[in-house]
Amino acid sequence: MQGLLQARAYPHEVGDVELIETHISTVLLAGKFAYKIKKPVNLGFLDFSSLPLRRHYCEEELRINRRLAPRVYLDVVSILGSADAPRIGPHDAPEAIEYAVKMQRFEQSALLDRMLGSGELTPQHLDALAASVAAFHSGIGRSVAGGAADAGYGTPASIEAPMLQNFEQIRPLLDNDEERAALARLEEWSRAAHAELSPLMEERRRAGYVRECHGDLHLGNITWIDGEIQVFDCIEFNPALRWIDVASEIAFTVMDLAARGKPAWGARFLNATLEITGDYAVLRLFKYYLVYRAMVRAKVARIRAAQTGAELREAGLHRTVLADYAEHIKLATSYTLPGQAALIITRGVSGSGKTTATQPLVEQLGAVRLRSDVDRKRLHRLPREARSHAALNAELYAPSASLATYAELRRLADDMVKTMNAER
């Protein structure tokens with residue numbers, strides 16, 4: 001690896017080469033590009049132990065990430081020569097000793113988590129993210145097509161397995177009975193919720209809502225480049241973790257915003273996404289997936305504290321990591337508590353400001369909003385931003401169309417209130 005720290009290893013202009021290590025990858029920042037090399041490890045949930053496997057997963061990483069970040073993910077390249085004198089070569093070189101994913105570098109300050117920390121992130125960025133994610137989900141592979149359904153992705157059993165694994169992996173790392181009791185309560189709630197929701201999970205899988213998603217949609221994997229959202233670092237090493245219900249995908253972002261102190265923006269992101277997709281049925285599953293995603297982050301924090309405790313203590317970060325675990329446990333617990341069901345109705349002529357007036361309520365109450373103009377267009381298969389050019393009492397605004405619109409709004413509102421009452 002030391003040879004790749006030399007500028008001569010690259011076919012383009014390079015100054016100093018920066019090395020970044022993770023537990024599964026080595027990233028080399030060289031000039032305008034970054035090269036990501038997979039480490040020869042087998043961790044059970046991923047296997048990079050052989051050169052053919054590493055090439056395969058480099059190609060998978062390029063394939064699935066170009067769906068969302070084509071400007072970032074450029075190519076798979078080979079590493080030629082020897083360990084002492086390596087050099088970057090074309091992807092199809094037969095004498096390759098290793099492979100890497102070639103990426104366009106971007107400023108770390110453009111990551112959404114960094115922008116949130118610096119105060120540069122705005123609600124409009126979340127709206128852009130919602131539009132990007134909704135468009136992505138509408139165009140990706142679905143579980144009803146071909147081999148994905150046969151592989152068992154998105155079945156109730158495949159959803160439950162990683163959920164239970166979180167608890168199994170956290171339990172031996174805990175320090176006291178209070179922590180173990182809190183974990184046990186969350187596990188009991190999760191098991192009961194899964195048993196109740198299993199029929200809906202299977203129904204959604206058969207309907208095509210299990211899709212080849214990103215799998216790890218938190219703010220640290222999203223960047224803002226030249227006025228556009230770019231989502232990167234999809235899960236390439238385990239298809240079961242990316243072939244998931246779209247509800248689980250958006251729940252990760254909502255949970256991550258709440259964990260970072262922005263639950264109102266999480267509500268904004270959720271509403272903006274649902275207004276585009278119309279998939280309000282996700283709400284019946286949402287608390288389950290919010291708890292699951294919070295537990296994933298809790299597990300990562302606890303494992304990090306256990307595996308690198310000495311290093312973290314030296315850096316003064318051990319207590320911070322444990323606090324991160326505790327905060328995610330607290331957040332997960334909050335999602336298991338009953339809510340207060342309420343239905344608020346606004347009325348007014350078109351353009352009178354109903355959407356503007358209710359946006360603060362959406363964010364402050366964590367409410368879900370139905371908009372008659374959006375659902376009216378959806379019933380007529382029009383995008384929400386489309387102009388209908390329909391006259392009063394004609395086409396979209398004919399009495400029959402209005403009756404259908406209000407019937408649909410009543411049906412959706414009734415389902416939402418029943419969902420909230422069931423959680424009380």
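**Concerning the environment of proline 86**
Looking at the secondary structure, you find proline 86 in strand β5 (residues 86-89). For proline 86, a relative accessible area of 10% gives the class buried. Taking the C-alpha atoms as reference points, proline 86 and glutamate 98, separated by 12 residues in sequence, lie 9.5 Å from one another.

**A look at the nonpolar core**
In a soluble, globular protein the nonpolar side chains are often hidden away together inside. In terms of nonpolar packing, the biggest core is built from 71 residues, with Leu129, Phe269 and Met295 touching the most fellow members. In terms of residues, this core owes the most to one element, helix α9 (residues 283-307), which gives 14 residues. Membership of the second largest hydrophobic core comes to 19 residues, among which are Leu29, Ala34, Cys58 and Phe106.

**Some thoughts on the pairing of strand β3 (residues 33-38)**
For β3, the buried fraction is high: 6 of the 6 residues fall into the buried class. Bridge count between strand β2 (residues 25-30) and β3: 6 bridges; the pairing is antiparallel. Within β3, the position partnered with valine 27 by the bridge is lysine 36. The antiparallel pairing of β2 with β3 creates a hairpin that spans 2 residues between the two strands, and glycine 31 there sits at a positive phi of about 65°.

**Regarding the packing of aromatic side chains**
Within the structure shown, the criterion is met by 5 aromatic pairs. Between tyrosine 153 and tryptophan 243, the ring centres sit 5.9 Å apart and the planes meet at 15°, which makes this aromatic pair stacked. With tyrosine 153 in the loop between α4 (147-150) and α5 (156-170) and tryptophan 243 in strand β10 (residues 243-245), this pair connects stretches of sequence that are 90 residues apart. Assessed through its relative accessible area of 18%, tyrosine 153 is described here as buried. Geometry around phenylalanine 33 places lysine 102 over its ring, the cationic atom sitting 4.2 Å from the centre.

**Examining unusual backbone geometry**
Not every positive phi belongs to a glycine, and aspartate 233 is a case in point at roughly 65°. Mapped onto the elements of the fold, aspartate 233 is located in the loop between β9 (228-231) and β10. When its relative accessible area of 25% is taken as the criterion, aspartate 233 is described as partly exposed. A positive phi angle, near 60°, is found at arginine 381, a position not held by glycine. Tracing the backbone through its elements, the reader meets arginine 381 in the loop between α13 (372-379) and α14 (399-422). Using a relative accessible area of 80% as the deciding quantity, one classes arginine 381 as exposed.

**Regarding the sheet that holds strand β1 (residues 18-21)**
In space, the 6 strands of this open sheet follow the order β1-β2-β3-β6-β4-β5, with antiparallel pairing throughout. At either end of the open sheet lies a strand with only one pairing partner, and these are β1 and β5. The mean angle between the axes of side-by-side strands here comes to 30°, regardless of whether they run parallel or antiparallel. Docked against the sheet, helix α1 (residues 51-66) engages β3, β4 (73-81) and β6 (98-104), running at close to 160° with respect to β4.

About the criteria used
Residues numbered from 1 in each chain as written. Predicted model: local features only at pLDDT ≥ 70, side-chain atom pairs only at ≥ 80, totals over all residues. Heavy atoms only, no water. Helix = DSSP H or I, 4+ residues; strand = E, 2+ residues; numbered from the N terminus. Buried < 20%, exposed > 50% of the residue type's maximum accessible area, 1.4 Å probe, protein only. Core = buried A, V, L, I, M, F, W, Y, C linked by side-chain atoms within 4.5 Å. Pairing = 2+ DSSP bridges. Phe/Tyr/Trp six-rings, centres within 6.5 Å; stacked < 30°, edge-to-face > 60°. Lys NZ or Arg CZ within 6 Å of the ring centre and 35° of its normal. Axes fitted to C-alpha atoms, helices over the stretch in contact; angles between N-to-C directions. Contact = heavy atoms within 4.5 Å.

Distances and angles like these do not, on their own, reveal function.
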